[in-house]
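Read off the chains here:
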Amino acid sequence: MKQTVAFLGPAGTFTQEAAHYLLPETAYETVPYKTIPDVLSAVHSGEVHLGVVPVENAIEGSVNLTLDWLVHQVAAPIVGELVYPVAQHLIVHEAHAQLPLAEVTKVLSHPQAIAQCRLFLRDNMSGAEIEYASSTAEAARIVSTHPEHRWAAIGTRLAQQIYNLNLREVAIADYAHNYTRFIVVGQAPHEVQPKAVAQKTSLLITLPEDFPGALYQVLATFAWRKINLTRIESRPTKRGLGSYHFFIDAEASAEDVLLQGAMREIDALGCRLRQLGSYPCYAVSTDFTAVKR
């Protein structure tokens, strides 16, 4: 029996592409959900076995909604990571395949996709209204149902194919090396297509509020043990100004004796420490998306 995998839908999102790359369709059935909180809540409630959500983009940085929901709303361990190349394309209804870009009246997409294409939009479609959608695929779906409007969407080739749209411009992101980091949450996958390239442990650390130099001492516990940290990021605890959690990704397994020692030392400093997951990491070895013109 196939395991169910929730992803940020509808069909045709980068999240679905990433899920299909990592998890073979012979063993997993992908199920679309409207929002990132919906995906994570479905995993938390046991409605699905796994969830795939974006957590960071090379151009626009962290997806704060994912981070905050994992911390404050659900208990869903991270069980895998995939770094996946992203190519943003401009897609229009077939009725407007020859429409000059300057005559497009509205561009729809997810806020992150819009942000990744700011220069292209400014240079080619400065007069178009920008409208945010819950996903790039939802933007494509909306454009497909309104041929009477001169609208365009920014999204994936998969969405263009699913909704029978015209691929008007290819690879329009402002920077060519555009990658998104996706995480898998829930039960550990029983079958994965690519080989793991690394092992990580994600930690959430909350510092004592009356301990000057606490962050320095926390980082020192990793430094002298020569544990590489691939990410350090602060997010508000939502308890008041100046109160922060720190997300730390350590390039080591939770079973590593050095990392275990670091975590014990951090605990002894009076910090609150929560392990968000210890998991294998995967990456697409080559950028198989369209090359920027």
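Residues numbered from 1 in each chain as written. Predicted model: local features only at pLDDT ≥ 70, side-chain atom pairs only at ≥ 80, totals over all residues. Heavy atoms only, no water.

Engineer: Can you help me understand the overall build of the protein chain in this one?
Structural biologist: Looking only at helices and strands, one finds nine helices and 15 strands in the protein chain. Here the protein chain has a C-alpha radius of gyration of 21 Å; the compact-globule value for 293 residues is 19 Å, and the two agree. Sorting the 293 residues of the protein chain into buried and exposed places 53% on the buried side. By sequence separation, contacts in the protein chain at least 24 residues apart represent 79% of the contacts at least 6 residues apart. Placing the 23 positive and 29 negative side-chain charges of the protein chain at their respective mean positions leaves the two points 2 Å apart. (Helix = DSSP H or I, 4+ residues; strand = E, 2+ residues; numbered from the N terminus. Rg over C-alpha atoms; globule rule 2.2 N^0.38 Å. Buried < 20%, exposed > 50% of the residue type's maximum accessible area, 1.4 Å probe, protein only. Contact = heavy atoms within 4.5 Å. Lys, Arg positive; Asp, Glu negative; His and termini not counted. Charge placed at Lys NZ, Arg CZ, Asp CG, Glu CD.)

Engineer: Explanation requested: helix α2 (residues 36-45) in the structure shown.
Structural biologist: Those residues of α2 not exposed but buried are I36, P37, V39, L40, A42 and V43. Each element contacted by the buried residues of α2 is listed here: β1 (3-8), β2 (28-33), β3 (50-57), α3 (64-72) and β11 (179-186). Looking one or two residues past α2, G46 carries a phi angle of roughly 85°, positive in sign.

Engineer: Would you take a moment to explain the side chain of N57 for this structure?
Structural biologist: Note that N57 resides in strand β3. Residue class for N57 comes out buried when judged on its relative accessible area of 3%. Of note is the side chain of N57, whose polar atom sits 3.3 Å from the backbone oxygen of Y179. Engagement of the side chain of N57 in a polar contact is seen with the side chain of T180, the distance being 3.0 Å. (Polar contact = N/O pair within 3.5 Å; in protein donor to acceptor, adjacent residues only side chain to side chain.)

Engineer: Can you walk me through empty space enclosed by the protein in this structure?
Structural biologist: Summary: where empty space remains is shown by rolling a probe the size of a single water molecule over the atoms. One pass over the structure, following the stated rule, counts two cavities of 30 Å³ or more. Roughly 240 Å³ of internal volume is contained in the largest cavity. Lining the largest cavity we find 18 residues, and of these F14, T15, P54, H110 and Q112 sit closest to its centre. Broken down by secondary-structure element, the contributors of at least two residues to the lining of the largest cavity are α1 (14-22), β3, α4 (111-116) and β11. Ranked by residue count, the leading element in the lining of the largest cavity is α4, at three residues. Split into classes, the residues belonging to the lining of the largest cavity amount to eight nonpolar, ten polar and no charged. When its volume is computed, the second largest cavity comes out at roughly 60 Å³. Lining the second largest cavity we find V55, L67, L70, I78, R181, I183, S202, R231, F247, D249, L276 and Y279. Its residues assigned to classes, the lining of the second largest cavity comprises eight nonpolar, one polar and three charged. (1 Å grid on protein atoms, 1.4 Å probe; cavity = no way out; pocket = protein on both sides within 12 Å on 5 of 7 lines; lining within 4 Å. Points joined across faces, edges and corners; volume = space filled by probe spheres on them. Nonpolar A, V, L, I, M, F, W, Y, C, P; charged D, E, K, R; others polar.)

Engineer: Is there a simple way to think about the pattern of salt bridges in this case?
Structural biologist: Inspection of every chain in the model, using the stated rule, returns 13 salt bridges. For the salt bridge of D249 with R181, the shortest nitrogen-to-oxygen distance reads 3.6 Å. One end of the pair, D249, is in strand β14 (residues 244-250); the other, R181, is in strand β11, with 68 residues separating them in the sequence. The class of D249 is buried, set by a relative accessible area of 1%. Through salt bridges with shared partners, a single network forms among E56, E81, R181, K200, R231, E233 and D249. (Salt bridge = Lys/Arg side-chain N within 4 Å of Asp/Glu carboxyl O.)

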